[in-house]
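# Secondary and tertiary structure notes
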Amino acid sequence: MTLTEPATATAIEGGTTDITELGVARPLRADVWKRFRKNSLAMIGLGFLLFVVLMALLAPLISEHITHYSYTDRSRSYREGPTAEHWFGTDAIGRDVFTRVLYGARVSLRIGVLATVIELVIGLFLGSSAGFFGGSLDSLLMRLTDVFLAIPYVVLAVAIATVLGRSENAVILILGLTAWPGIARIVRSSFLSLKQQEYVEAASALGFSRSRIMFRHILPNALQPIIVYGTIAVGSVILAESALSFLQVGPQEPTPAWGLMVAAGKGSLVNAPHLLFFPGAAVALTVLALVFIGDGLRDALDPKLK
């Protein structure tokens, strides 16, 4: 019987129901969620992101408009501002901007999530290998990282796009294959610090394999910066995709990508500002929401606040 059992039994007999009074530890995820909820901006960002995801999933049901109209339909309005029929107006060929913004959320979120997954996998593998094994492998991998960081991002993206072509899948590969150096450095730094801890030395002394020490003992304790970075990276990828689309390197028409919509309306700031405002606002608000969520996760996962 432990020292806490008599107190626990007494509390139960007295009708106490508060788990903290019983001396029972709270689950870590419940503790993290409690701290996360206290961050107002993070909750606003989470609410907006869930709203965007819901709108993207229900796009066919929400909008009654067709995304691709016939060029021969002369009765259709062109470059018309917001109306009761077209909430966000119409574009240069009469397509409903509201519908395209909804479907554009699908494109941007898909690119953002998948490219971030590729980025995290590459960065996690190279960073953990460099930090854990050290020595010449560490030097080699870090010099490779420096090479990628030294090449201008836009130049590298354009070069890869020339080979892979312009499509959603090509943009996912471009962004995933060029954005990994940042997370690789973060993971390397975490592994260099954690492998000096006593529990890692104890696991090594007990004869555990290197793979078990890496993935069972070190990696779970290095997840905090990875989770925070990955959340913010999704927003960075969406912003990068919009920039590539604006430079005509991203997806091609008629794909309803937000960046491509902004590029199509870049000459309409005076006559048809809605062509720039609505897709641009969708990009800005989504990226801002992800930044707020990332900041909230950073504070909630900070061990100093436990």
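Everything below is about the structure printed above this text.
Computed from a predicted model, the values in this text were never measured in an experiment. (Residues numbered from 1 in each chain as written. Predicted model: local features only at pLDDT ≥ 70, side-chain atom pairs only at ≥ 80, totals over all residues. Heavy atoms only, no water.)

## Structural notes on the overall build of the chain
Counting secondary structure elements, the chain contains 14 helices and 0 strands. With 306 residues in all, the chain has 41% of them scored as buried. In the chain, the share of contacts with a sequence separation of at least 24, taken over all contacts with a separation of at least 6, comes to 69%. By element, 65% of the accessible surface of the chain is carried by carbon and sulfur atoms, the whole surface being about 16,700 Å². (Helix = DSSP H or I, 4+ residues; strand = E, 2+ residues; numbered from the N terminus. Buried < 20%, exposed > 50% of the residue type's maximum accessible area, 1.4 Å probe, protein only. Contact = heavy atoms within 4.5 Å. Areas by Shrake-Rupley, 256 points an atom, 1.4 Å probe, with all protein chains shown as cover.)

## Focus: the packing of helix H5 (residues 97-133) against helix H8 (residues 168-178)
For the pair H5 and H8, interaxial distance at closest approach is 8 Å and the crossing angle is 35°. Along this stretch, H5 crosses H8, giving a crossing that reads as right-handed. From H5, Val107, Arg110, Ile111, Leu114, Ala115, Ile118, Glu119 and Ile122 reach across to H8, where they touch Glu168, Asn169, Val171, Ile172, Leu173, Leu175, Gly176 and Leu177. Classifying every residue of the contact of H5 with H8 by side-chain character gives 11 nonpolar, 2 polar and 3 charged. (Axes fitted to C-alpha atoms, helices over the stretch in contact; angles between N-to-C directions. Left-handed = near helix turned anticlockwise from the far one by under 90°. Nonpolar A, V, L, I, M, F, W, Y, C, P; charged D, E, K, R; others polar.)

## Points about the packing of aromatic side chains
All chains considered together, the criterion is met by 6 aromatic pairs. Here the aromatic rings of Phe277 and Phe278 are separated by 5.2 Å at their centres, their planes lie at 75°, and the arrangement is edge-to-face. Residue class for Phe278 comes out buried when judged on its relative accessible area of 18%. For Arg212, the ring lying beneath its charged end belongs to Phe208, and the centroid distance is 4.1 Å. (Phe/Tyr/Trp six-rings, centres within 6.5 Å; stacked < 30°, edge-to-face > 60°. Lys NZ or Arg CZ within 6 Å of the ring centre and 35° of its normal.)

## Overview of the side chain of Thr178
Mapped onto the elements of the fold, Thr178 is located in helix H8. For Thr178, a relative accessible area of 8% puts it in the buried group. Within polar-contact distance, the side chain of Thr178 engages the backbone oxygen of Ile174 at 2.7 Å. Every residue in contact with Thr178, bar those within four places of it in the chain, is listed here: Tyr153, Leu156 and Ile160. (Polar contact = N/O pair within 3.5 Å; in protein donor to acceptor, adjacent residues only side chain to side chain.)

## Regarding the pattern of salt bridges
Scanning the entire structure with this criterion turns up 6 salt bridges. Across the pair Glu168 and Arg110 runs a salt bridge whose closest N-O atoms are separated by 3.0 Å. A residue pair is termed long-range when its members are at least 10 positions apart, and Glu168 in helix H8 and Arg110 in helix H5 qualify at 58 residues. Here Asp146 makes a salt bridge to Arg143, at a shortest N to O gap of 3.0 Å. Of this pair, Asp146 and Arg143 both sit in helix H6 (residues 135-150), 3 residues apart, which is roughly one turn of that helix. A network of salt bridges, in which partner residues are shared, links Arg143, Asp146 and Arg185. (Salt bridge = Lys/Arg side-chain N within 4 Å of Asp/Glu carboxyl O.)

## Side note on the environment of Asp96
Of note, Asp96 is situated in the loop between helix H4 (59-62) and H5. Take Asp96: its relative accessible area is 1%, and that puts it in the buried class. A distance of 2.8 Å separates a polar atom in the side chain of Asp96 from a polar atom in the side chain of Thr99.

## Notes on the side chain of Thr90
Mapped onto the fold, Thr90 is located in the loop between H4 and H5. Taking the relative accessible area as the measure of exposure, Thr90 reaches 0% and is therefore buried.

## A short note on the nonpolar core
Inside soluble globular proteins, nonpolar side chains tend to come together where they are buried. One finds Phe36, Val101, Ile238 and Trp258 to be the most contacted residues of the largest nonpolar core, which totals 25 residues. Elements with a minimum of two residues in this core: helix H2 (28-37), helix H3 (40-57), H5, helix H12 (223-246), helix H13 (258-264) and helix H14 (274-301). Ranked by residue count, the leading element in this core is H14, at 9 residues. Not counting residues within four places of it along the chain, the set of residues in contact with Phe36 comprises Ala42, Met43, Leu46, Ile293, Gly296, Leu297 and Ala300. Val171, Ile172, Val249 and Ala257 belong to the second largest nonpolar core, which has 17 residues in total. (Core = buried A, V, L, I, M, F, W, Y, C linked by side-chain atoms within 4.5 Å.)

## Section: the environment of Phe292
Along the chain, Phe292 turns up in helix H14. Residue classification places Phe292 among the partly exposed residues on the basis of a relative accessible area of 23%. Phe292 sits 60 residues away from Ile232 along the chain, and the two C-alpha atoms are 8.5 Å apart. Each residue touching Phe292, except ones within four places of it in the same chain, is listed here: Leu41, Ala42 and Gly45.

## Comments concerning helix H11 (residues 210-218)
Burial in H11 covers these residues: Ile213, Met214, His217 and Ile218. Projected down its long axis, H11 carries its buried residues within an arc of 120°, all on one side. (Arc of directions from axis to C-beta.)

These results come straight from atomic positions and should not be treated as a statement about function.
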